Amino acid sequence: SAEVVLVGRSNVGKSTLMRELTGHTVSTGSKPGVTRSPNHYDWVAEDFVLTDLPGFGFMEGVPEERREAIKTDVVRYVENYAESILAGVVVVDGKSAIDIIDRHSERGEIPHDVELFHFLRDVGIPPVVAVNKMDKVDDRDDRLDALCDRLGLVPPWQQWDETIAPISAKRGQITPLTDAVRHHLHEAKRDDLL
Ligand code: GDP
């Protein structure tokens, strides 16, 4: 089965999504001392293996040096396996992602999620942004267009449905994510035939 990697900063609902997809309770790795190596789980309804990648989330209480080491390991993992990784799911919180991105940008920093998005693309892995907690978002289209804008994708978001997947993990509304990943599977299969 094809490998799909999953990343996301803390509290975006990554564990909730993992539980929904795999039936497993997954450690967020937010506590110091928790193992932070890539872990694999079966995506129950699909023929995919999900790899939970640590190191891009919240690592409060973890010394800077250790944090960097974890990040380096994760980057190396993704680079090494890039050719066989079907898609990279970046989970963001639909309610707060734009504000967080803009706050970082104003400080002259590259926002985490934007960095991840480009990193995946740079190594040839199609990124899929799982925009979670959409049940809390009322200005859906504006919010998703703004996210496209921050990621360098020309709005409207509807033309990026293989990349922008609005979901609610908590409510089990994840069809846009499943469809996006399936899209990349079909593309990969088609490319093999060419
Ligand atoms: P993680 O740190 O990224 O693994 O996040 P969790 O899965 O632990 O979720 C963080 C919080 O967000 C929890 O209180 C979840 O119940 C909540 N949450 C997760 N998914 C959703 C969602 O789709 N909608 C809403 N409203 N809350 C969610």
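Everything in this summary refers to the structure shown in the same document.

Rules of the game
Residues numbered from 1 in each chain as written. Predicted model: local features only at pLDDT ≥ 70, side-chain atom pairs only at ≥ 80, totals over all residues. Heavy atoms only, no water. Helix = DSSP H or I, 4+ residues; strand = E, 2+ residues; numbered from the N terminus. Buried < 20%, exposed > 50% of the residue type's maximum accessible area, 1.4 Å probe, protein only. Lys, Arg positive; Asp, Glu negative; His and termini not counted. Salt bridge = Lys/Arg side-chain N within 4 Å of Asp/Glu carboxyl O. Polar contact = N/O pair within 3.5 Å; in protein donor to acceptor, adjacent residues only side chain to side chain. Contact = heavy atoms within 4.5 Å. Phe/Tyr/Trp six-rings, centres within 6.5 Å; stacked < 30°, edge-to-face > 60°. Pairing = 2+ DSSP bridges. Axes fitted to C-alpha atoms, helices over the stretch in contact; angles between N-to-C directions. 1 Å grid on protein atoms, 1.4 Å probe; cavity = no way out; pocket = protein on both sides within 12 Å on 5 of 7 lines; lining within 4 Å. Points joined across faces, edges and corners; volume = space filled by probe spheres on them. Near = heavy atom within 4 Å. Areas by Shrake-Rupley, 256 points an atom, 1.4 Å probe, with all protein chains shown as cover. Nonpolar A, V, L, I, M, F, W, Y, C, P; charged D, E, K, R; others polar. Expected span 1.5 Å × (residues − 1).

## Examining the side chain of Glu3
The residue Glu3 is located in strand 1 (residues 2–8) in this model. Buried within the structure, Glu3 lacks any salt-bridge partner; Lys14 is the closest side chain of opposite charge, at an N-O distance of 12 Å. Separated by 2.6 Å, the side chains of Glu3 and Thr51 make a polar contact. Among residues more than four places away in sequence, those in contact with Glu3 are His40, Val49, Thr51, Tyr77, Ser84, Ile85, Leu86 and Ala87.

## Comments concerning the packing of aromatic side chains
Here the structure, examined in full by the defined rule, presents 2 aromatic pairs. Look at Tyr77 and Tyr81: their rings are 4.7 Å apart centre to centre, the planes differ by 40°, and that puts the pair in the tilted class. Linking Tyr77 with Tyr81, this pair stays in helix 2 (residues 64–81), spanning 4 residues, or about one helical turn. You can call Tyr77 buried: its relative accessible area is 12%.

## Here's the deal with the sheet that holds strand 5 (residues 127–132)
Working definition: the strands of a sheet are paired by backbone hydrogen bonds and lie parallel or antiparallel to each other. The 6 strands are arranged 2-3-1-4-5-6 in an open sheet whose pairing can be described as mixed. Looking at strand neighbours, the two that pair on one side only are strand 2 (39–43) and strand 6 (164–166), the edges of this open sheet. Strand-to-strand twist of the sheet, defined as the mean angle between neighbouring strand axes without regard to direction, takes the value 30°. Lying over the sheet, helix 1 (residues 14–22) contacts strand 1, strand 2, strand 3 (48–52) and strand 4 (85–93), oriented at roughly 50° with respect to strand 2.

## Quick notes on empty space enclosed by the protein
Tallied over the entire structure, the rule returns 1 cavity of 30 Å³ or more. What the largest cavity holds in volume is close to 40 Å³. Lining the largest cavity we find Gly94, Ala97, Ile98, Val131, Arg143, Leu144 and Leu147. Those elements that place two or more of their residues in the lining of the largest cavity are helix 3 (97–106) and helix 5 (140–151). Considering every element that reaches the lining of the largest cavity, the biggest residue donor is helix 5, with 3 residues.

## A word on the site of the ligand
In the vicinity of the ligand there are 16 residues, among which Asn11, Lys14, Ser15, Thr16 and Asp135 approach most closely. Between a nitrogen atom of the ligand and a side-chain N or O atom of Asp135, the distance comes to 2.7 Å. Between the ligand and Ser168 there is a distance of 3.1 Å, counted from an oxygen atom to a side-chain nitrogen or oxygen. Relative to its unbound accessible area of 580 Å², the ligand is 77% covered by the protein chains. The residue inventory of the shell around the ligand, partitioned by class, reads 2 nonpolar, 8 polar and 6 charged.

## Notes on helix 5
Counted at 1.5 Å a residue, the expected span for helix 5 with its 12 residues is 16 Å, and the 17 Å between its end C-alpha atoms agrees. Residues of helix 5 that are buried include every one of Arg143, Leu144, Ala146, Leu147, Cys148 and Leu151, and no others. Where helix 5 terminates, the next one or two residues include Gly152, which has phi positive at roughly 80°.

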